[in-house]
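Read off the chains here:
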Amino acid sequence: MTNEITMRRASHNSLFLDWNKLCADNHHASPFQQWELHDTIARHYLFFFVAKQEWPCYFVFYKGSNLLMIAPLCRRYTPHGIKYVSFGATPTIAFQDFIYSDNLSEEDMLACLQLLKAKCGEIRFYNLSHESMLYRVLAKQGEPVRENKNVTIPIGEGYEGYYAALSKNTRQNVRTAYNRMSTDGRLWEIELVDGRNLKRDVEKELMDVYVTRRKARYRATSAVHEWFLRHEHFNTIAMRQLDEAKFIVLRIDGKVAAFLAGYVDENHESLLIPRLAISDEFGRYSPGVVLINESMKLLEDKLHLKFLDLSKGDEKYKTQMGGVIIILLILYSKIQTSI
């Protein structure tokens, strides 16, 4: 049997079995590497095609007859010709990586990347984790061009230890938030909801807060883009369908004051949050602080997870609440096309 490494193009619909086979043997895969979420993104890519003129494409690698790796990329059409980027660049998914098992060697991955570089030319990779083998191999070839920051909050040995480790000033801010609600006669509650069980009227409430926050804090949102976010964005769809989707909602006097929504990873260690929004109406009560504090309790009591991964953005309240900054890197491939 030959040990030559070979590469072929593959269609999205043909990958289901091979994809799941590799992911089953990868204990560091993020929810975005799992087939169900990836499939949802790929099947709802038309908006991103309109925005960036790019479309998903896939390359599969073998060593002899043994499956090694799947490389999901996007083929982007530009005035300067066709360019390739990592899958998820335009949708800005939190972690972008290839699909491979823990048994893949760095030597074999490098050989796969050499074949890929020979076919595609320079490739731009976005949001690669330091823990990714793909990053480790690429980093030996060249320096990152930019860094993005994510924040994750570890619960450690449990909620009590987590809370005790917060700074004295932060613990006082947490107590002040609860005391203000009590003094003002506000009734608050926290809800943990599986995405499949989220009622459509509740979903609308959450999206009202999300869109309002987005408009106020980040950028203008057109009517078309707002419709897309509410109905056709892959997170909106996936969070209705996937067993791993979870919502944590803080209500004050029955109204949504803050919420977060995300996915439990395959290894049942982390809740990865691509959506978090706070209502300015309840700013006096620091709803973001209360939401995270209550979420950490739920992580221990109900979800039995180790990390609340707040994804991109290093807003001050996230780090004050125990968040650790995780650097994600953007880099170009610098792989030599011959060994």
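What you see as residue numbers is a count from 1 along each chain, following the sequence as written. Whole-chain, interface and lining totals are the exception, using all residues; otherwise, since this is a predicted model, local features are given only for residues with pLDDT of at least 70 and side-chain atom pairs are given and counted only at 80 or more. Values shown for side chains rest on all heavy atoms present in the structure; no hydrogens or waters enter the calculation.

Details of the packing of aromatic side chains
To be explicit about the condition: Only rings of Phe, Tyr and Trp enter the pairing, Trp through its six-membered ring, and a pair is recorded when the two centres are within 6.5 Å. The plane angle decides the type: under 30 degrees is stacked, over 60 is edge-to-face, the rest tilted. Per the convention used, a helix needs a DSSP run of H or I reaching at least four residues, while a strand needs a run of E reaching at least two, with both numbered from the N terminus. Think of it in three bands: residues with accessible area under 20% of the maximum for their type are buried, residues over 50% are exposed, and the middle band is partly exposed, with areas taken using a 1.4 Å probe on protein chains only.
In the structure shown here, the tally under the stated rule is 16 aromatic pairs. Measuring from centroid to centroid gives 5.8 Å for Phe48 and Phe228, while their planes differ by 85°, and the two rings are edge-to-face. Placement of the pair is Phe48 in helix α3 (residues 46–52) and Phe228 in helix α9 (residues 223–231), with a sequence separation of 180 residues. Exposure remark for Phe48: the relative accessible area of 5% places this residue in the buried category. Overall, Phe228 belongs to the buried group, its relative accessible area being 5%. Residues Tyr178 and Trp188 carry aromatic rings whose centres are separated by 5.4 Å and whose planes lie at 65° to one another, so their mutual orientation is edge-to-face. Of the two residues, Tyr178 is situated in helix α7 (residues 168–183) and Trp188 in strand β8 (residues 188–194); the sequence distance between them amounts to ten residues.

Description of the pattern of salt bridges
Spelled out, the test is: We count a salt bridge whenever a side-chain nitrogen from Lys or Arg sits within 4 Å of a carboxyl oxygen from Asp or Glu.
Counted under the stated rule, the structure contains 22 salt bridges. Asp194 is the salt-bridge partner of Lys246, the closest N and O atoms lying 2.6 Å from each other. Here the residue Lys246 occupies a position in strand β9 (residues 245–252), and Asp194 occupies one in strand β8, the gap between them amounting to 52 residues. Judged by its relative accessible area of 13%, Lys246 falls in the buried class. Put simply, Glu281 and Lys255 hold a salt bridge, and the shortest N to O gap is 2.9 Å.

A short note on helix α1 (residues 16–24)
In plain terms, the rule: Directions drawn from the helix axis to the C-beta atoms are what define this arc. Residues count as neighbours in contact if any of their non-hydrogen atoms are within 4.5 Å of one another.
Turning to α1, its buried residues number three or more, namely Trp19, Leu22 and Cys23. The buried residues of α1 all sit within an arc of 100° when viewed along its axis, so they share a single face. Facing away from the buried side of α1, by more than 90 degrees, are the exposed residues Leu17, Lys21 and Ala24. Contacts made by the buried residues of α1 are with α2 (35–43), β2 (54–63), β3 (66–78) and β5 (99–100).

Side note on the state of the cysteines
Note the cut-off: By convention in this document, the label disulfide applies to cysteine sulfur atom pairs within 2.5 Å.
According to the stated counting rule, one finds zero disulfides in the structure shown. Of the cysteine sulfurs around Cys23, a residue in no disulfide, the closest is that of Cys112, at 16 Å. Summary of cysteine pairing: Cys112 is not part of a disulfide, and the nearest cysteine sulfur, belonging to Cys120, is at 13 Å. A relative accessible area of 0% means that Cys112 is categorised as buried.

Re the confidence of the model for the protein
Rules: Each residue carries a pLDDT value, the predictor's own confidence for that position, ranging from 0 to 100.
Averaged over every residue, the pLDDT of the protein is 91; residues scoring 70 or more account for 96%. When mean pLDDT is compared element by element in the protein, β9 scores highest at 98, while strand β13 (residues 324–332) scores lowest at 80.

As for the side chain of Gln33
This is how it is decided: We call two N or O atoms a polar contact when they sit within 3.5 Å, provided that within protein one can donate a hydrogen and the other can accept it, with sequence-adjacent residues counted only if both atoms are side-chain atoms.
As for its placement among the helices and strands, Gln33 is situated in the loop between α1 and α2. A distance of 2.9 Å separates a polar side-chain atom of Gln33 from the backbone oxygen of Phe98. Non-local contacts of Gln33, meaning those with residues more than four positions away in its chain, are made with Trp19, Cys23, Asn26, His28, Asp97, Phe98 and Ile99.

A word on a nonpolar patch on the surface
To be explicit about the condition: Patch construction takes residues with relative accessible area above 30% that form no salt bridge. Like charges are linked within 9 Å, and nonpolar side chains (Val, Leu, Ile, Met, Phe, Trp, Tyr) are linked within 5 Å. Accessibility throughout is a Shrake-Rupley quantity obtained with a 1.4 Å probe, and a residue counts as covered only by protein chains that appear here.
Together, Leu46, Val50 and Trp55 make up an exposed nonpolar region whose accessible area comes to about 330 Å². Note on placement: Val50 falls in helix α3. Accessibility expressed as a relative area gives 59% for Val50, which makes it exposed.

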